[in-house]
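# Breakdown of the fold
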Amino acid sequence: MNPQESQLNYAFGDTLPAPGTVLEVAPDVFWLRMGLPFALDHINLWLLRDRDEAGGQGDGWTVIDCGINNDATRSSWESVFAYALDGLPVRRVIVTHCHPDHVGLADWLCNKWNAPLWMTTGEYGFARMMSASLPGVDGTAMLPHFQRHGLNDPDTLERLKTRKSYYPTLVPAVPDAYVRMQDQQTFRIGAHEWRVITGFGHAPEHAALYCAELNLLISGDMVLPRISTNVSVFAVEPEANPVQLYLDSLQKFADLPADTLVLPSHGKPFRGLHTRITQLGEHHRDRLEEVVVACATPQSAADIVPVMFRRPLDAHQMTFALGEALAHLHKLWFDGALKRVVDEHGIFRFQAA
């Protein structure tokens, strides 16, 4: 546990649900944990009892987030279906955002249970575009984007050339239709009302869900207990300011009760939401201060990566690190603290204004 984590209260200690099993964390709310083949090696998914109090379709379940498309995740889901659903069907699949670990098996789940997909329009649209490998959002679009920001490592560049179908490998399909979720929308899942809280910076239109009756927030990737959420500038939106969007979005959670139980997509359920919001804000302010100091002389985003990330990075991690370095440069550029120039090689460089 790092010093910041010690300021949080992990509601269930070190208890984790085993693969293919569930752990009840609140009335009718169950925690599932599935593996990922990355450095971030797991994702938390949620299963909510969807009791039919109006006499419609009958009792069932709402799934929140899906895991990536691979045999291990499907096998874990099959175990859950066999042992944890009490013989009841999945009635609805909610996806917080378009990243592969969240939407990867949405089409499989929706088809298996003839259940509708619920997403925000921003997330659904991007998931459809990336699953189809449309130009600008396919994996190879990162190559010229990052080259313009100073990436010249031959190994990383070669790996990026082969990533055109990276997202479709993890998300082979997205349902052809969806139910739109919008900010501050409320709807019932079983016996409880849930409110949508959208957030930006990490994904196009991320949806977190808050239940006042349970004092419980399903935070997705917007508020994580141990790591900071990635905020990156991508090729499809090269002039974006995601750090500002993310910091602004965090304040949308600040009016929730201090003792809210937070169910994050990575890490363990915790209490200490206000503390964590403060920590995340301080984290980004510290990184911004480091970047300003480094930009006393002209720096590309690639130059800033080792300033912000002092550990070795593989090619997969480098794409996130470079996107995040650029995001911090852009925040300072939009704020007027840095100016941006193009050098004789066509590379963007940032220096003190």
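Our structure's up above, just so we're on the same page.
A brief report on the enclosed structure follows. (Residues numbered from 1 in each chain as written. Predicted model: local features only at pLDDT ≥ 70, side-chain atom pairs only at ≥ 80, totals over all residues. Heavy atoms only, no water.)

### Considering the overall build of the protein
- What the protein contains, in helices and strands, is 11 helices and 16 strands.
- Taken over the C-alpha trace, the protein has a radius of gyration of 21 Å; the compact-globule value for 353 residues is 20 Å, and the two agree within 12%.
- Projected onto its principal axes, the C-alpha coordinates of the protein cover approximately 70 × 40 × 35 Å.
- Within the protein, the proportion of its 353 residues that are buried is 53%.
- Summing over all exposed atoms, the protein offers an accessible surface of approximately 14700 Å²; the carbon and sulfur share of this is 53%. (Helix = DSSP H or I, 4+ residues; strand = E, 2+ residues; numbered from the N terminus. Rg over C-alpha atoms; globule rule 2.2 N^0.38 Å. Buried < 20%, exposed > 50% of the residue type's maximum accessible area, 1.4 Å probe, protein only. Areas by Shrake-Rupley, 256 points an atom, 1.4 Å probe, with all protein chains shown as cover.)

### Here we look at the packing of helix 8 (residues 242-250) against helix 11 (residues 315-334)
- At their nearest, the axes of helix 8 and helix 11 sit 7 Å apart, and the two run at 85° to each other. The angle between the axes of helix 8 and helix 11 places the two elements in the roughly perpendicular class. Taken together, the residues of helix 11 that come into contact with helix 8 (itself represented by Pro242, Val243, Gln244 and Leu247) are Ala327, His328 and Lys331.
- Taken together, the residues of the contact of helix 8 with helix 11 sort by class into 4 nonpolar, 2 polar and 1 charged. (Axes fitted to C-alpha atoms, helices over the stretch in contact; angles between N-to-C directions. Parallel < 35°, antiparallel > 145°, perpendicular 65-115°, else oblique. Contact = heavy atoms within 4.5 Å. Nonpolar A, V, L, I, M, F, W, Y, C, P; charged D, E, K, R; others polar.)

### Some remarks on the pattern of salt bridges
- Across all of its chains, the model carries 18 salt bridges by this definition.
- Taking the shortest distance from any N to any O, the salt bridge between Glu193 and Arg188 comes out at 3.2 Å.
- Judged by relative accessible area, which is 32%, Glu193 ranks as partly exposed.
- What you see here is one network of salt bridges that share partners, running through Arg49, Asp59 and Asp86. (Salt bridge = Lys/Arg side-chain N within 4 Å of Asp/Glu carboxyl O.)

### Examining unusual backbone geometry
- Positive phi, close to 70°, is recorded for Asp28, a residue that is not glycine.
- Mapping Asp28 onto the fold places it in the loop between strand 2 (23-26) and strand 3 (29-35).

### Description of the sheet that holds strand 11 (residues 206-211)
- Reading across from one edge, 1-14-13-12-11-10-9 is the order of the 7 strands in this open sheet, with mixed pairing throughout. Edge positions in the sheet fall to strand 1 (9-10) and strand 9 (186-189), since each has one partner strand and no second.
- Sheet topology places strand 1 next to strand 14 (residues 270-271); 2 bridges connect them, and they run antiparallel. Directly across from Tyr10, in strand 14, lies its bridge partner Phe270. (Pairing = 2+ DSSP bridges.)

### Here's the deal with the packing of aromatic side chains
- Scanning the entire structure with this criterion turns up 10 aromatic pairs.
- For the ring pair Phe81 and Trp113, a centre distance of 5.2 Å and an interplane angle of 80° mean the geometry is edge-to-face. With Phe81 in helix 1 (residues 71-83) and Trp113 in helix 3 (residues 106-113), this residue pair connects regions lying 32 residues apart in the sequence.
- For Trp113, a relative accessible area of 24% gives the class partly exposed.
- A centroid spacing of 6.3 Å and a plane angle of 75° characterise the contact between Trp333 and Phe350, whose relative ring orientation is edge-to-face. With Trp333 in helix 11 and Phe350 in strand 16 (residues 348-352), this pair connects stretches of sequence that are 17 residues apart.
- With relative accessibility at 0%, the residue Phe350 sits in the buried group.
- One aromatic cluster is present, built from ring pairs that chain together Trp77, Phe81, Trp108 and Trp113.
- A cation sits over an aromatic face here: Arg92 above Trp118, 4.6 Å from the ring centre. (Phe/Tyr/Trp six-rings, centres within 6.5 Å; stacked < 30°, edge-to-face > 60°. Lys NZ or Arg CZ within 6 Å of the ring centre and 35° of its normal.)

### Points about the environment of Val305
- On the secondary structure map, Val305 appears in helix 10 (residues 301-308).
- Classification of Val305 as buried rests on a relative accessible area of 5%.
- Residues Val305 and Trp194 lie 111 residues apart in sequence; the distance between their C-alpha atoms is 39 Å.
- Once residues lying within four places of it in the same chain are set aside, the contact partners of Val305 are Leu313, Met318, Ala321, Leu322 and Ala325.

### Re the nonpolar core
- Ranked by internal contacts, the top residues of the largest apolar core, which has 47 residues, are Leu217, Val223, Phe253, Leu273, Ile304 and Leu329.
- A total of 8 residues in this core trace back to one element, the largest contributor, which is helix 11.
- Setting aside residues no more than four positions away along its own chain, Leu329 makes contact with Val291, Cys295, Ser300, Ala301, Ile304, Leu338 and Phe350.
- Listed in part, the 36 residues of the second largest apolar core include Phe81, Leu85, Val103 and Val174. (Core = buried A, V, L, I, M, F, W, Y, C linked by side-chain atoms within 4.5 Å.)

Keep in mind these values describe shape, not function.
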